[in-house]
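# Working through the structure, step by step
Each chain, letter by letter, is given below.
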Amino acid sequence: ASSHPLWPDIERKVASQVSMAKLGVGECGAGWQLFAEDGEMKMYRREEEVDGLVVDPLKAVHVVKGITGFEVCHHFFSPQYRYDWETTLEHMVVVETISEDTILFQQTHKRIWPASQRDAVFWSHMRRLPDDQDREGPDLWTVVNQSTELPQYPANTGKCVRVYLTVCLLCQTLVNPPKNGGPVTRDDISCKITYCSVVNPGGWAPASVLRAVYKREYPKFLKRFTAYVMSKTKDKPIRF
Ligand SMILES: O=S(=O)(CCO)c1ccc(-c2ccc(C3CCCC3)c([C@H]3C[C@H]3c3ccccn3)c2)cc1
């Protein structure tokens, strides 16, 4: 895949997104406000507008027991599971499988009244990251989704308004080895998840409507997605 024309963009974007995801909400600039909390899940947003459009960056942190960073990223990245957990998805096309860890998608999302329907065209890349703290724990895993232009899917030609998104899912597996020295089971693992996203709605939509939609959809999405991964992995061997 390193020969693909998108490769330099992918390398650059993954590096920048992962370093930002690693920053705590306190560190990466003021302005993060907690807007949703549910158990271990905390969701922050910054109120930002670009050309009068709400593009509020979102940062969610969550700790989920019994699953690994690989399992979370694998179910987020792989197209075959997406209709199971992405409730706002109307249609998904795998435009090109660039390599086993890099896929080009075109997706149409269900219309959210009164905004017009949206579609997105983006590359998605999944990667294991060496743990820079060199702790003995398992490595980090990430998936980065980044909008890109595709001639075969020109923006704003059909019924859909094109959204522009940058998404980073960064996962760290935490292992608490059993005292008796026995094998590690799912009771001994958890996954620290950081989900960052910036979605430019692409065309005008009332700020109040968008903020209400984001406030409703993001917590629902992360809770549903993590519950889905737990359900798909609970009786299976652990994959780190
Ligand atoms: O993490 S992903 O890559 C998962 C792959 O599917 C992702 C996440 C979110 C989006 C998306 C696209 C459009 C919208 C809006 C913009 C104006 C009207 C629709 C929203 C807002 C509505 C929010 C939202 C948040 C979470 C899930 C769905 N909906 C989100 C797309 C991809």
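Our subject is the structure that appears above.
Let me begin by describing the structure that accompanies this report. Here the structure is a predicted model, which means the values were calculated and not measured.

### With respect to the packing of helix 2 (residues 69-77) against helix 4 (residues 207-233)
The interhelical angle for the contact between helix 2 and helix 4, taken along N-to-C directions, is 110°, at an axis separation of 10 Å. As far as their axial angle goes, helix 4 and helix 2 are roughly perpendicular. Helix 2 and helix 4 meet at a crossing whose hand is right-handed. Residue-level contacts link Glu71, Val72, His75 and Phe76 of helix 2 to Phe221, Phe225, Tyr228, Val229, Lys232 and Thr233 of helix 4. A breakdown of the residues in the contact of helix 2 with helix 4 according to their chemical character gives 6 nonpolar, 2 polar and 2 charged.

### Points about the packing of aromatic side chains
What the rule picks out here adds up to 12 aromatic pairs. Each ring, one from Tyr214 and one from Tyr218, has its centre 5.7 Å from the other, and the planes form 75°; the classification is edge-to-face. Linking Tyr214 with Tyr218, this pair stays in helix 4, spanning 4 residues, or about one helical turn. What makes Tyr214 buried here is its relative accessible area of 11%. For Tyr218, a relative accessible area of 11% puts it in the buried group. Members of the aromatic cluster, connected to one another through ring pairs, are Phe76, Trp85, Tyr195, Tyr214, Tyr218, Phe221 and Phe225. The ring of Phe35 has Arg45 lying over it, and the distance from NZ or CZ to the ring centre is 5.3 Å. The aromatic ring of Phe105 is capped on one face by Arg82, whose charged end is 4.2 Å from the ring centroid.

### Considerations on unusual backbone geometry
Here the bond from Trp113 into Pro114 is cis, since omega is -5°, no more than 30 degrees from zero. Within the secondary structure layout, Pro114 lies in the loop between strand 7 (102-109) and strand 8 (118-129). Phi is positive for Asp51, close to 50°, though the residue is something other than glycine. Checked against the element boundaries, Asp51 lands in the loop between strand 3 (49-50) and strand 4 (53-54). Unlike most non-glycine residues, Asn156 shows phi in positive territory, near 55°.

### Quick notes on the site of the ligand
In the region of the ligand, 16 residues are neighbours, and Glu86, Thr88, Gln107, Asn145 and Tyr195 sit closest. Gln107 is positioned with one of its side-chain polar atoms (N or O) 3.0 Å from an oxygen atom of the ligand. Within the side chain of Asn145, a nitrogen or oxygen atom sits 2.9 Å from an oxygen atom of the ligand. Looking at the shell around the ligand, the elements that each hand over two or more residues are strand 7, strand 11 (164-175) and helix 4. Counting residues per element, the shell around the ligand draws most heavily on helix 4, which supplies 5 residues. Here the shell around the ligand is built from residues that sort into 9 nonpolar, 4 polar and 3 charged.

### Notes on the nonpolar core
Core analysis: the largest hydrophobic core is formed by 44 residues, its most contacted members being Met43, Val72, Phe76, Leu169 and Tyr195. Sort the elements by how many residues they give to this core and helix 4 lands first, with 8 residues. Residue contacts for Met43: discarding those within four places in its chain leaves Gln33, Leu34, Phe35, Ala36, Leu58, Lys59, Ala60, Tyr218, Pro219 and Leu222. Counting residues in hydrophobic clusters, the runner-up holds 17 residues, among them Trp7, Val14, Ala21 and Val121.

What counts and what doesn't
- Think of each chain on its own: its residues are numbered from 1, step by step along the sequence as written.
- Owing to the predicted nature of the model, reporting of local features is limited to residues with pLDDT of at least 70; listing and counting of side-chain atom pairs is limited to 80 or more, with chain, interface and lining totals taken over all residues.
- Excluded from the side-chain calculations are hydrogens and water; all other atoms, namely the structure's heavy atoms, are used.
- Axis lines are fitted through C-alpha atoms, for helices just across the contact stretch, and the angle between N-to-C directions can take any value from 0 to 180 degrees.
- In this description a helix means any DSSP run of H or I spanning at least four residues, a strand means any run of E spanning at least two, and both kinds are numbered starting from the N terminus.
- An angle counts as roughly parallel when it lies under 35 degrees, as roughly antiparallel when it exceeds 145, as roughly perpendicular when it falls between 65 and 115, and as oblique in every other case.
- Less than a right angle of anticlockwise turn of the near helix away from the far helix marks a crossing as left-handed, whereas a clockwise turn marks it as right-handed.
- A contact between two residues is defined here by any heavy atoms of the two lying within 4.5 Å.
- Amino acids are sorted into nonpolar (Ala, Val, Leu, Ile, Met, Phe, Trp, Tyr, Cys and Pro), charged (Asp, Glu, Lys and Arg) and polar (every other residue, Gly among them).
- Note on aromatic pairs: the rings of Phe, Tyr and Trp (six-membered ring only in Trp) are paired at centre separations within 6.5 Å, and the planes decide the class, stacked below 30 degrees, edge-to-face beyond 60, tilted for the rest.
- Here's how the labels work: a residue is buried when its accessible area is under 20% of the maximum for its type, exposed when over 50%, partly exposed in between, all with a 1.4 Å probe on protein chains only.
- Two conditions define a charge located above a ring, namely a distance within 6 Å from the ring centre to NZ of Lys or CZ of Arg, and an angle within 35 degrees of the ring normal.
- If even one non-hydrogen atom of a residue comes within 4 Å of a molecule or strand, that residue is called near it.
- We define a polar contact as two N or O atoms separated by no more than 3.5 Å, with the added condition that, inside protein, one atom must be a possible hydrogen donor and the other a possible acceptor, whereas residues neighbouring each other in sequence contribute only through side-chain atom pairs.
- In this text, buried Ala, Val, Leu, Ile, Met, Phe, Trp, Tyr and Cys residues form a nonpolar core when linked through side-chain atoms within 4.5 Å.

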